[in-house]
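Results of the structural survey
So the chains spell out like this:
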Amino acid sequence: MHLIIAEKNIAANRIAQILSGNEKVTAKKEGGVNVYSFGDKISIGLRGHVVEVDFVEGYTNWRSQERPPRSLIDADTIKRPTEPAIVKLIQKIAKKANRVTIATDFDTEGELIGKEAYELVRAVNPKVPIDRARFSAITKDEITRAFSEPAEIDFDLAAAGEARQVVDLIWGASLTRFISLAAKRGGGNILSVGRVQSPTLAMIVDREREIESFIPEPYWEISLTTEKDGEPIIARHAEGRFTDKKLADAAYAGTKDPLVITEVKEGKRVDRAPTPFDTTQFIVAAARIGYSAANAMRVAEELYMNGFISYPRTDNTIYPPSLNLEAILKTLEKTRFASDVAWVRKNKRAKPTEGKKSSTDHPPIHPTGVATEEQLGENWKLYELIVRRFLATLSPDAQWATMRIEMDASGQSYIATGSRLTEPGWRMVYPYSEAKDLVLPLVRKGEKLLIKDLNLEEKQTQPPPRYSQSKLIQVMEELGLGTKSTRHEVIQKLISRKYIEGNPLRPTLVGKAVTESLEAHASTITRPDMTQKLEQAMEAIKVRNKTRDGVVDDSRKMLHQVFDELEPNEAVIGQEIMGQTDEELTIGPCPICGKDLRIRRKGASQFIGCNGYPDCTFNISLPGTMWGSAVRTKKVCDIHNLFHVSLIAKGARPWEMGCPLCQLIEQQKEHYAKIPSMTEAIQKKLLDARIFSLYDLSKLESGFLAKQIGITKKLADALIHEANDVLDLIRRRSECKKFMKQFVPPKRGRSHTKVMNGFAESGINCIGDIASASLESLKKTGLSEEEAKTLKEEAIALVAKNQLKDIGIPAVSLKRYQEAGFLTPEDIASAHPAYLAIKTGISIETVIRHATLIAQALGRPDPVKISKKAFEAGRTELLALPGVGESTLEHLYRAGIYDKKTLDTADTAIASKLSGLSKDHVKKLQALAAA
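In this report, the structure presented in the accompanying data block is examined. (Residues numbered from 1 in each chain as written. Predicted model: local features only at pLDDT ≥ 70, side-chain atom pairs only at ≥ 80, totals over all residues. Heavy atoms only, no water.)

**A look at the sheet that holds strand E9 (residues 218-228)**
Pairing is antiparallel across the open sheet formed by seven strands, whose spatial order is E14-E11-E12-E13-E10-E9-E15. Here the strands that pair on one side only, and so sit at the sheet edges, are strand E14 (448-449) and strand E15 (453-460). As judged from the two bridges shared by strand E10 (residues 231-237) and strand E13 (residues 412-423), these two strands associate in the antiparallel manner. Among the inter-strand pairings, Arg 236 is bridged to a residue of E13, identified as Ile 415. (Pairing = 2+ DSSP bridges. Helix = DSSP H or I, 4+ residues; strand = E, 2+ residues; numbered from the N terminus.)

**Regarding the sheet that holds strand E4 (residues 41-45)**
The mixed open sheet is built from six strands, whose spatial order is E2-E3-E4-E1-E7-E8. Both outer strands of the open sheet, strand E2 (26-30) and strand E8 (130-132), are each paired with one neighbouring strand and no more. Going from strand to strand, the sheet's axes swing by 25 degrees on average, the running direction of each strand aside. Pairing of strand E7 (residues 99-103) with E8, which is carried by three bridges, proceeds in the parallel orientation. Looking at E8, one finds that Val 100 is bridged to Ile 130. Sheet strands in contact with helix H2 (residues 84-94) are strand E1 (2-6), E2, strand E3 (33-38) and E4, and its direction is about 165 degrees off that of E4. (Axes fitted to C-alpha atoms, helices over the stretch in contact; angles between N-to-C directions. Contact = heavy atoms within 4.5 Å.)

**Notes on the side chain of Arg 207**
Note on placement: Arg 207 falls in helix H6 (residues 197-213). Residue Arg 207 is classed as buried on the basis of its relative accessible area, which comes to 17%. Leaving out residues up to four positions away in the same chain, Arg 207 has contacts with Pro 464, Pro 465, Arg 466 and Tyr 467. (Buried < 20%, exposed > 50% of the residue type's maximum accessible area, 1.4 Å probe, protein only.)

**Some details on the nonpolar core**
The biggest cluster of nonpolar side chains holds 122 residues, and the ones touching the most others in it are Trp 171, Phe 282 and Tyr 383. Broken down by element, the residue count for this core peaks at 12 residues, all from helix H5 (residues 155-182). Ignoring sequence-local partners within four residues, the contact set of Trp 171 consists of Thr 176, Val 193, Arg 195, Met 530, Leu 534, Ser 555, Met 558, Leu 559 and Val 562. Within the second largest apolar cluster, 34 residues are counted, among which are Ala 834, Ala 837, Ala 906 and Val 922. (Core = buried A, V, L, I, M, F, W, Y, C linked by side-chain atoms within 4.5 Å.)

**Brief notes about a nonpolar patch on the surface**
There is a patch of nonpolar side chains on the surface, built from Met 626, Trp 627 and Trp 655 and spanning about 430 Å² of accessible area. Judged by relative accessible area, which is 69%, Met 626 ranks as exposed. (Patch = residues over 30% accessible without salt bridge, like charges linked within 9 Å, V, L, I, M, F, W, Y side chains within 5 Å. Areas by Shrake-Rupley, 256 points an atom, 1.4 Å probe, with all protein chains shown as cover. Salt bridge = Lys/Arg side-chain N within 4 Å of Asp/Glu carboxyl O.)

**Description of the pairing of strand E12 (residues 398-409)**
Looking along a regular strand, one sees side chains alternate from face to face of the sheet. Sheet topology note: the strand E11 (residues 259-271)/E12 ladder contains 12 bridges and is antiparallel. Looking at E12, one finds that Glu 266 is bridged to Met 403. In this sheet, E13 lies alongside E12 in antiparallel orientation, the contact comprising 11 bridges. Looking across to E13, one finds that Glu 406 is bridged to Ile 415.

Geometric values such as these leave the question of function open.
Now the structure itself:
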């Protein structure tokens, strides 16, 4: 049996489908893991790393005196399974295998994942042949070739990956633990420090310092407008920028008619076609169409796994000779790009464009399979970008005709420039950069024109721009920080740790605090030099110039030197960071008492509370942490002098909430609209009196409210009463939404909020309303017949359950009643106690007590009283009658017949109807009881 191990499930499935040919692929799950079988082959997908590097036992306690953060540097490491089910299954199948092929991605990380799989197999089957399939795309040609030409695992490449794992673990764990403990941070609020992450953050902090310290300097520019045959010509002074105002004024005053053409130069400019995509250039291009670095790589990975593009992690910008470009064009003929392909074929350049970087592992990113927009959905935009970039690399350069007109106005020189696209070339197929013509009218040397308009404009020099994600990745590449596979992940980690925010990127206060403290006390961590050195060492492992253990040992020595600088300053570092991180959570003055408002968290909830608590109880609720952690931004509200707040969640764009008090006030307007006595004038008076919310209003005493906002006590009473009614409505609607979400999944175009809005329009505001609503009214809100039916049934059950609780039925008994089918108070009141007792297993005396409570609540007569002794005696009497067993007994109980006396005196017709027994059967039993 031939075992194939791929990096992910989707790859395992595609490889199986490709290799199976005409054979059927059988898919099944074993222990929750997908297994694909065909012929004598089995294909299984990993989930990336199924084992991880971790410290040996004894290093989990962060506050251990025996093992402080520094001890992690020299701690031994082991590999632990992170996916036990996959590990167990691979080893189970590997025991029976006579050949194993590792088919993970071919790069450092993929080779390490492959080596981990190799070791799992070797542990249970030491002699089985293991080979390696290397491919750059999951397509039929590539996979067939890779499996027909298997290679060996590159243990040197894997060793480089292992070295990186261990180095990153010991640096990240020891420094993160040290800094977090120094700043008294723990749990989900730790301060992360890393070998690549910290110098990257330092670059962003340095750029922010440059911006903050930048002093703008004034300069002046002069431009004029003239025209020829009605066509405008805009020219700028040949000096460009004037930094001296007097010289600018003199040039402006000296610019007088006539404007004489002194030179006309026409030329051509070649607009080079773009080079093939490597990972960094792909991320840059994706950013221009709205993708973050992490999102672009996530989509690219999906496209690769599904066979639509080649491997997206590559440093190569030169197509290798082995890449069949014509075959790719032929593939694209089957897509909506057929006309573009035809144009490229007709105008194809002699040789594809080339970048400066070449590598032998993977070709540049290019399309490999046919896809449609319907098939890919949102992912289509990136697929199209990759297709069009490929076509552009085969297209001719664009050509521009240029014109430069030099003019003289009484001794002042002016220049106008224009250009016109004469040959669109690659721009025909790659519309992602603007090609705007600026056509100048034809003029002759010596010709004189009149000045129509003259402008002297004062401007200021601008600070350097903040880094965009794509620009930061470019700089990281130039400095040797991280790898093509990890740079976007580093940026995402900085965002999720709340060290940076926004787009372009800027540091948060905590990001600045950590960086500045590290720079002051251990600057090695924040400079790229050390990371560059380690990256170079890990590259050397690949070519056997260094060993894995040697590089790890060298990194440990470097880290000990860092701790030599850090440890003597631990207290100072802690104080520096805590001082600034306290500030990070403070958003401004409380509108009630003037003390600081701070962002506070408790479990999954977060809110803005006043430092004056408990004397001041002002607070503003925030969305739960599932929506992102709240941080303050740099913007300040002009009205309330409060910092704006943003929610930052891993893998998502920040949610800019704005000023929290403005948000609260705006939100309350919606609530106030539900109060009949409320007017805009009263709302303004409430704000002037610093009564900001419906809740605050509801808790006031009417006399105090009347005095505060200058209204009558009667109106104040009405406002407070109505505010409580609205709060109750909001509470009931909130409970209703929470209930509805359990049974109605969200769908495209139908969010839970949209369903609730539909409920409101139909007058459904609580669970009780759902219980009493018709199925048709529920379906009008977008629910299917089945969803409406289920929701109504569940609502009826819940309402009844709550009614029974309120009546005083204990939870244990309530559960028994509902399991037996007695859901509502009416169900229980309508049933005879004897029948209730036998169906629920609750004693007869307890049933009668419960039935009495329910009857009183419903305004009905109390049920018949039956003692336990009488009930048991009656049961014995009835079972003694010939032909009466447990089944017949249950029928009799249903009709209220629980002994011989009640059987004998029962109305035959009524007893038959209630019990479900025939009249003849009831008469026969009555005759036996009377005998």
